[in-house]
Amino acid sequence: MKKNKFEIDMCHGSIMDKLISFALPLMLSSVLQLMFNAVDIIVVGRFSGSEALAAVGSTSALINIFTNLFIGISLGANVLAARYYAAGNDKEMSEAVHTAIALAIVSGVLMAFVGVGLSRWALTIMDTPADVIDQSVLYMRIYFLGMPFFMLYNYGAAILRAVGDTKRPLLFLAIAGMANVVLDLLFVVVIPLGVAGVAIGTVVSQMISSILVLRCLHKTESSYQIQFSKLKIKAVYLKRIFQVGIPAGIQSTVISFSNAMLQSSVNSFGSTAMAGYTAANNIIGFLYVAVNAVTQACMSFTSQNYSVGKQKRMDRILIDCLILTTCAAGVLGVGAYVFGGQLLKIYTSEADVIECGIEILSIATVPYFLCGIMDLFPGALRGMGRSAVPMILSVIGTVGTRIVWIYGLFPHHRSLFFLFISYPASWILTIIMQVICFLFVRKQCIRQLKASGHYVEGM
């Protein structure tokens, strides 16, 4: 059901080339989003020193905790919109889209109040050192003032992804990203505002991206067109969005909480280790967005094909996505390991900070394809409308392993290298559980599709 040049017909024809066409722009879009934070880190590290670098970096895990619940809910909007679009249910599609955008506004305003009010308390709980906590609080508070724009862009982009359009969100982020670079340099180098300057630049760039995506949705003539006078949260669609989105959001939030515990352990080594972790974690972030783009493709393609009963095509989608995520993460992970020293020098020129970053990259990068595989199976299950069980398994496998590692093993082997072995250990355990869950749910879905008469033979 391709209606314009930006959309992808996910239910017919070849699969691998369409997955790549979907995932590559999404991957580049995610890289640009990361560049918002990367530019902040690079500019502040180069022109304001390691304490300012540590201050910005120490907020990332907390920001993710506060935002990932609502970003996860946007996955529910994506799955629901993809299902209605593939089935040709234009009325339901329109009402689901208006509910999603209204929800984005409400959640963005709520997150702004929560983030501004709780920043200092949360950073104190995480044992943020006294020499950086004031700058960290300032950065977080300004950052959270832009949360309505952040939410609007992500929910709007989720709707576009549901119909296969990942190219226009890439264009919007490219424009916003260039604005972010200019503003960061203006507010840090020309007007020396330090961490406040990079936060202001990020907020303005997020506002630009949200305006562009809303304009796109308003101008379209398809069933996902937004009319601002019709923005309203309808309970029936909100419930369906929540059924998939809340478990996904809880999963992301709890995993971010485990990362915050990891951040707290890193903080115990002091501001030098914090700065090294900030730079290394930003590099690891680029690996994550590569595998996450494939997971998003798997979820959207699976959701559309599930709505029309094409189980065999869903199986082929998962296999192709496994190939894609393994190849992408393998190449990027090895590259990050081999060139880790050179990459870290982009963020800082301090040798002890680079040394800490290399220690972290040495264990977290090469096996990163395991993280991609771990996320694919929950993505496929969400596409089928099953989100609660994979959420529970991810929490047990990822968070449970890291809690045991941080509080049981790490105190007896205090090094950054040993601390970050918890990454591949948790990935392997979670993969085993998710595969077992997927095989069980797949059989259940086939039975249900056949019983309802919606099962379609062939691809």
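Position numbers for residues count from 1 along each chain, tracking the sequence in the order it is written. Given that this is a predicted model, residues contribute local features only at a pLDDT of at least 70 and side-chain atom pairs are listed and counted only at 80 or more, while totals for whole chains, interfaces and linings are drawn from all residues. As a rule here, side-chain values cover all heavy atoms of the structure and leave hydrogens and water aside.

Here we look at the overall build of the protein chain
Secondary structure is summarised from DSSP: a helix means a run of H or I of at least four residues, a strand means a run of E of at least two, and numbering begins at the N terminus for each. Scanning the protein chain from N- to C-terminus turns up 17 helices and zero strands. Put simply, the radius of gyration uses C-alpha atoms, and a globule should come to 2.2 Å times the residue count raised to 0.38. Computed over the C-alpha atoms, the radius of gyration of the protein chain is 21 Å, within 12% of the 23 Å expected from 2.2 N^0.38 for a compact globule of 459 residues. Summarising its shape, the C-alpha atoms of the protein chain cover approximately 65 × 50 × 35 Å along the three principal directions. Split into buried and exposed, the 459 residues of the protein chain put 59% on the buried side. The accessible surface values rely on the Shrake-Rupley method and a 1.4 Å probe; as for residues, cover is taken only from the protein chains in view. In the structure as shown, the protein chain presents an accessible area of about 17,200 Å², 69% of it carried by carbon and sulfur atoms. Counting 32 positive and 22 negative side-chain charges, the protein chain places the averaged centre of each group 12 Å from the other. When a residue's accessible area, from a 1.4 Å probe over protein chains only, is under 20% of the maximum for its type it is buried; when over 50% it is exposed; and in between it is partly exposed. His is not counted, nor are the chain ends, whereas Lys and Arg count as positive and Asp and Glu as negative. For the purpose of locating charges, the reference atoms are NZ of Lys, CZ of Arg, CG of Asp and CD of Glu.

Things to note about a nonpolar patch on the surface
For patches, a residue must show more than 30% relative accessible area and have no salt bridge; joins then use 9 Å for like charges and 5 Å for nonpolar side chains, namely Val, Leu, Ile, Met, Phe, Trp and Tyr. Salt bridges, as used here, are contacts in which a Lys or Arg side-chain nitrogen is within 4 Å of a carboxyl oxygen on Asp or Glu. Together, V181, L185, L186, V189, V190, I191 and L193 line one region of the surface with nonpolar side chains, adding up to about 530 Å² of accessible area. Considering the arrangement of structural elements, one finds I191 in the loop between α7 (167-190) and α8 (195-219). Relative accessible area serves as the criterion here: at 36%, I191 is assigned to the partly exposed category.

Some words on helix α12 (residues 340-347)
Residues G340, G341, L344 and Y347 constitute the buried set of α12. For α12, the angular spread of buried residues about the axis comes to 100°, placing them on one side. The directions from the helix axis to the C-beta atoms are what the arc is built from.

Overview of α7
Take the residue count of a helix, subtract one, and multiply by 1.5 Å to get its expected span. Across its 24 residues, α7 extends 34 Å between first and last C-alpha, which sits within 8% of the 34 Å expected from 1.5 Å per residue. Considered for burial, the residues of α7 that qualify are R168, P169, F172, L173, A176, G177, A179, N180, L183, D184, F187 and V188.

Some points on the packing of helix α10 (residues 271-307) against helix α17 (residues 422-452)
In this description, a line fitted to the C-alpha atoms serves as the axis of each element, helices being fitted only across the stretch in contact, and the angle between N-to-C directions of two axes falls anywhere from 0 to 180 degrees. The geometry of α10 relative to α17 is characterised by a closest axis approach of 15 Å and an angle of 5° between their N-to-C directions. Classified by the angle their axes make, α10 and α17 are roughly parallel. In contact with Y277, N281 and Y306 of α10, α17 contributes Y423, C445, Q448 and L449. Residues are grouped as follows: Ala, Val, Leu, Ile, Met, Phe, Trp, Tyr, Cys and Pro are nonpolar; Asp, Glu, Lys and Arg are charged; every other residue, Gly included, is polar. Looking at the contact of α10 with α17, its residues break down into five nonpolar, two polar and no charged. Reported orientations rely on four angle classes, namely roughly parallel under 35 degrees, roughly antiparallel over 145, roughly perpendicular from 65 to 115, and oblique for the rest. Whether two residues touch is decided by their heavy atoms; if any such pair falls within 4.5 Å, the residues are in contact.

Considerations on the pattern of salt bridges
Summed over the entire model, instances satisfying the criterion amount to six salt bridges. For E95, the salt bridge identified is with K91, shortest N-O distance 3.1 Å. Of this pair, E95 and K91 are both found in helix α4 (residues 90-125), four residues apart, which corresponds to roughly one turn of the helix. K234 is paired through a salt bridge with E95; the nearest N and O atoms lie 3.0 Å apart.

Thoughts on the packing of helix α9 (residues 235-267) against helix α15 (residues 388-409)
Contact geometry for α9 and α15: axes closest at 9 Å, N-to-C directions at 10°. Our classification of the angle between α9 and α15 gives roughly parallel. Residues P247, I250, Q251, V254, I255, S258, N259, M261, L262 and S265 of α9 lie in contact with α15, whose contacting residues are A388, P390, M391, S394, V395, T398, V399, R402, I403, I406 and Y407. Across the contact of α9 with α15, the residue classes tally to 14 nonpolar, six polar and one charged.

What to know about the environment of R442
Inspection of the secondary structure assignment puts R442 in helix α17. Along the chain, R442 and M314 lie 128 residues apart, while their C-alpha atoms are 9.9 Å from each other. When sequence neighbours within four positions are dropped, the list of residues in contact with R442 reads Q311 and D315.

Some remarks on the environment of Y237
Along the chain, Y237 falls in helix α9. In the structure, Y237 is positioned 137 residues away from A100 in sequence and 8.5 Å away in space, judged by C-alpha atoms. Sequence-distant contacts of Y237, defined by excluding residues within four places in its chain, comprise L80, Y84, E92, E95, A96 and T99.

Quick word on the packing of aromatic side chains
Any two of the Phe, Tyr and Trp rings considered here, Trp counted by its six-membered ring, make a pair once their centres fall within 6.5 Å; the pair's planes then place it as stacked at under 30 degrees, edge-to-face at over 60, or tilted in between. According to the stated counting rule, one finds 11 aromatic pairs in the structure shown. An angle of 65° between the planes, with centres 6.5 Å apart, marks the rings of Y85 and Y224 as edge-to-face. Separated by 139 residues along the polypeptide, Y85 in helix α3 (residues 60-87) and Y224 in the loop between α8 and α9 bring together distant segments of the chain. Across the pair, Y224 and Y85 agree in class, each one buried. Aromatic pair Y143 and F144: ring centres 6.2 Å apart, planes at 70°, arrangement edge-to-face. Each member of the pair, Y143 as well as F144, is classed as buried. An aromatic cluster of at least three residues, connected via ring pairs, comprises Y277, Y368, F420, Y423 and W427.

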